[in-house]
Amino acid sequence: AVEHATGRPAGIKWVNDLYYREKKICGILTEASMDLEGGGLAYAVVGIGINVLPPPEGFPAELRDRATALYDTPGDCPPELRSRLAAALLNSFWTLYRRLPDRAFLADYRRRSILTGREISFLLRGEPCRGVVRTIDDEARLVVRLPDGREERLLSGEVTIGRL
């Protein structure tokens, strides 16, 4: 949706962040509830925030090295961009949502991954760990090769590019 509306390339930092020029432009938060009787999803709430422009006072010092926006100034940003971006986002979402069971999205997700081949840091069973990202498997888990050669498959969690 970002690429369609802006023409600017966006990469995915597993599991749910979008990056532009090596910095975060979008985060996605989800909350879900399971239907215990039916064994499936009862509902999901999805929140998506896209940095179209930086805050007027700039990003806070603790985020400057990690966050950016699609456009630097309001003069650079087309006036209709927010509407185009919202429309592209909704169209993309519903198209992909209907295709979740066949996992056709995974090839594109892997192609857009900014982590493949890079060293990352993460917590593994509560312990700091590092490894090199190999791929994203068919269950959308991050496959990481540890220094001892073993592989771990991460289903969720936060990863940091480089060492902690």
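Note that the structure is predicted; figures quoted are calculated from it, not measured.

Visitor: What exactly am I supposed to notice about unusual backbone geometry here?
Guide: Apart from glycine, the bulk of residues carry a negative phi angle, and the bulk of peptide bonds sit in the trans form. Omega for the bond connecting tryptophan 14 with valine 15 falls within 30 degrees of zero, at 10°, which places this linkage in the cis form. Note that valine 15 resides in the loop between β1 (11–13) and β2 (17–20). In this model, arginine 21 sits at a positive phi of 55°, which is unusual for a non-glycine residue. Relative to the elements of secondary structure, arginine 21 occurs in the loop between β2 and β3 (23–35). Arginine 21 gets classed as partly exposed once you look at its relative accessible area, which sits at 46%. With a phi angle near 65°, glutamate 22 is a residue other than glycine that sits in the positive phi range. Note on placement: glutamate 22 falls in the loop between β2 and β3.

Visitor: Looking at this structure, how should I read the sheet that holds strand β5 (residues 119–124)?
Guide: The pairing of strands in a sheet comes from backbone hydrogen bonds and takes either a parallel or an antiparallel form. Spatially, five strands are ordered β8-β7-β6-β5-β9 in an open sheet, and the strand pairing comes out antiparallel. Edge positions in the open sheet fall to β8 (151–154) and β9 (159–161), since each of these has one partner strand only. Ignoring strand direction, the axes of neighbouring strands in this sheet form an average angle of 40°.

Visitor: What should I look at first to understand the side chain of lysine 13 in this one?
Guide: As for its placement among the helices and strands, lysine 13 is situated in strand β1. Looking at lysine 13, its side chain comes within polar contact range of the main-chain oxygen of valine 159, at 2.9 Å.

Visitor: I keep staring at the nonpolar core and nothing clicks. Help me out?
Guide: The tendency in soluble globular proteins is for nonpolar side chains to be buried as a group. Among the nonpolar cores identified, the biggest contains 32 residues, and Phe122 and Leu142 are the most heavily contacted of them. For this core, the secondary-structure elements that each account for two or more residues are α1 (2–6), β2, β3, α2 (81–98), α3 (105–112), β5, β6 (127–136) and β7 (142–145). For phenylalanine 122, the contacting residues outside a window of four places in its chain are Glu127, Pro128, Cys129, Arg130, Gly131, Val144, Leu146, Leu154, Glu158 and Val159.

Visitor: Quick question: what am I supposed to make of the layout of surface pockets here?
Guide: The gaps of empty space that remain are located by a probe, the size of a water molecule, rolled over the atoms. Reported here for the largest pocket is a volume of approximately 1,600 Å³. Considering the residues around the largest pocket, the lining is formed by 37 residues, among which Ile28, Leu96, Leu100, Phe105 and Tyr109 are closest to the centre. Counting residues per element, the ones that place at least two in the lining of the largest pocket are α1, β2, β3, β4 (40–50), α2 and α3. Here the residues of the lining of the largest pocket sort into 26 nonpolar, four polar and seven charged. Space inside the second largest pocket adds up to approximately 430 Å³. Looking at the lining of the second largest pocket, the elements with two or more residues in it are β2, β3 and β9. Ranked by residue count, the leading element in the lining of the second largest pocket is β3, at four residues. By residue class, the composition of the lining of the second largest pocket is eight nonpolar, four polar and seven charged.

Visitor: Help me understand the packing of aromatic side chains in this model?
Guide: What the rule picks out here adds up to three aromatic pairs. Geometrically, the ring pair formed by phenylalanine 93 and tyrosine 97 is stacked, given 5.7 Å between the ring centres and 15° between the ring planes. With phenylalanine 93 and tyrosine 97 both in helix α2 and four residues apart, the pair spans about one turn of that helix. Using a relative accessible area of 44% as the deciding quantity, one classes tyrosine 97 as partly exposed. Taken together, the ring pairs in this structure connect Phe93, Trp94 and Tyr97 into an aromatic cluster. Directly above the ring of tyrosine 71 sits arginine 8, whose terminal nitrogen or CZ lies 4.0 Å from the centroid.

About the cut-offs
Residues numbered from 1 in each chain as written. Predicted model: local features only at pLDDT ≥ 70, side-chain atom pairs only at ≥ 80, totals over all residues. Heavy atoms only, no water. Helix = DSSP H or I, 4+ residues; strand = E, 2+ residues; numbered from the N terminus. Buried < 20%, exposed > 50% of the residue type's maximum accessible area, 1.4 Å probe, protein only. Pairing = 2+ DSSP bridges. Axes fitted to C-alpha atoms, helices over the stretch in contact; angles between N-to-C directions. Polar contact = N/O pair within 3.5 Å; in protein donor to acceptor, adjacent residues only side chain to side chain. Core = buried A, V, L, I, M, F, W, Y, C linked by side-chain atoms within 4.5 Å. Contact = heavy atoms within 4.5 Å. 1 Å grid on protein atoms, 1.4 Å probe; cavity = no way out; pocket = protein on both sides within 12 Å on 5 of 7 lines; lining within 4 Å. Points joined across faces, edges and corners; volume = space filled by probe spheres on them. Nonpolar A, V, L, I, M, F, W, Y, C, P; charged D, E, K, R; others polar. Phe/Tyr/Trp six-rings, centres within 6.5 Å; stacked < 30°, edge-to-face > 60°. Lys NZ or Arg CZ within 6 Å of the ring centre and 35° of its normal.

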